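# What the coordinates show
The residues making up each chain are set out below.
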Amino acid sequence: MDDTNNNNKKIDQNILVKIKSYIKTMKVGQYLYTDLLEEKFCLSKSTVLKIMFLLEKQHILKKTYKIYCTDCNSFGDDCYESIKEIENYEFCEFCNTQFIDVLKHIIIFFKVV
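Residues numbered from 1 in each chain as written. Predicted model: local features only at pLDDT ≥ 70, side-chain atom pairs only at ≥ 80, totals over all residues. Heavy atoms only, no water.

### Considering the packing of aromatic side chains
The condition is simple: The aromatic pairing rule takes the rings of Phe, Tyr and Trp, using the six-membered ring of Trp, and pairs them if the centres are within 6.5 Å, calling planes under 30 degrees apart stacked, those over 60 edge-to-face and the rest tilted. Starting at the N terminus, helices and strands are each numbered in turn, a helix being any DSSP run of H or I of at least four residues and a strand any DSSP run of E of at least two. For every residue, the accessible area obtained with a 1.4 Å probe (protein chains only) is divided by the maximum for its type, and the residue is called buried under 20%, exposed over 50%, and partly exposed between those limits. We count a charge as sitting over a ring when the NZ of a lysine or the CZ of an arginine lies within 6 Å of the ring centre and within 35 degrees of the ring normal.
Evaluated as defined, the whole model comprises eight aromatic pairs. Each ring, one from tyrosine 33 and one from phenylalanine 109, has its centre 5.2 Å from the other, and the planes form 85°; the classification is edge-to-face. Of this pair, tyrosine 33 sits in the loop between strand 1 (31-32) and helix 3 (34-41) while phenylalanine 109 sits in strand 4 (residues 106-112), and the two are 76 residues apart along the sequence. With a relative accessible area of 42%, tyrosine 33 lands in the partly exposed category. The class for phenylalanine 109 is buried, based on a relative accessible area of 7%. A centroid spacing of 5.4 Å and a plane angle of 75° characterise the contact between phenylalanine 75 and phenylalanine 109, whose relative ring orientation is edge-to-face. Of this pair, phenylalanine 75 sits in strand 3 (residues 74-75) while phenylalanine 109 sits in strand 4, placing them 34 residues apart in sequence. Three or more aromatic residues joined by ring pairs make a cluster, and in this case those are Tyr31, Tyr33, Tyr68, Phe75 and Phe109. Across from the ring centre of phenylalanine 109, 5.9 Å away, lies the NZ or CZ of lysine 66, which sits over that ring.

Written as structure tokens, this is what we have:
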């Protein structure tokens, strides 16, 4: 049995159908945040992440990355398709804080495809 089927069995199918229906109301390219699904469907962060990664495998969502500065609590303006695009990012674009290890400042976002 492949990984998708194993993850699918752990996820309530009724919730999965509701989330897919909700996503269909969104525009292509629109970002979907874990917090939104947690609140809207009363789910834990780990369950939401399992669902989002499953939906990525089904080509419904696409994972993207943003830089988050913990000093000024700001997200960078740009989204990146790959972590390799971020590796040389050295400073916060808002407060100029230097990132010693930028990988510790990456937040995963998902967008509708």
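The discussion continues.
### Details of the environment of leucine 37
You can see leucine 37 is positioned in helix 3. Since its relative accessible area comes to 0%, leucine 37 is described here as buried.

### Regarding the sheet that holds strand 3
The strands that make up a sheet pair up through hydrogen bonds in the backbone, lying either parallel or antiparallel. Our working definition: Any two strands with at least two DSSP-identified bridges between them are counted as paired. Note on contacts: a residue pair qualifies if any of its non-hydrogen atoms lie within 4.5 Å across the two residues. Only the stretch in contact is used when a helix axis is fitted, and all axes are lines through C-alpha atoms; the angle between N-to-C directions ranges over 0 to 180 degrees.
The four strands are arranged 1-4-2-3 in an open sheet whose pairing can be described as antiparallel. In the strand order of this sheet, the two ends are held by strand 1 and strand 3, each with one partner. Pairing of strand 1 with strand 4, which is carried by two bridges, proceeds in the antiparallel orientation. Bridge pairing in strand 4 places leucine 32 opposite phenylalanine 110. This element, helix 4 (residues 45-57), spans strand 1, strand 2 (61-69) and strand 4 of the sheet and lies at about 130° to strand 2.

### Notes on the pairing of strand 2
Strand 2 sits mainly inside the fold: seven of its nine residues count as buried. Here strand 2 pairs with strand 4 via seven bridges, running antiparallel. Considered in strand 4, the bridge of lysine 62 is made with lysine 111. Pairing between strand 2 and strand 3: two bridges, direction antiparallel. In the sheet register, tyrosine 68 faces strand 3, and the bridge partner there is phenylalanine 75. With antiparallel pairing between neighbouring strands as the criterion, strand 2 and strand 3 make up a hairpin whose turn holds four residues, including asparagine 73 at a positive phi of roughly 55°.

The values reported here are purely geometric and, on their own, carry no functional implication.
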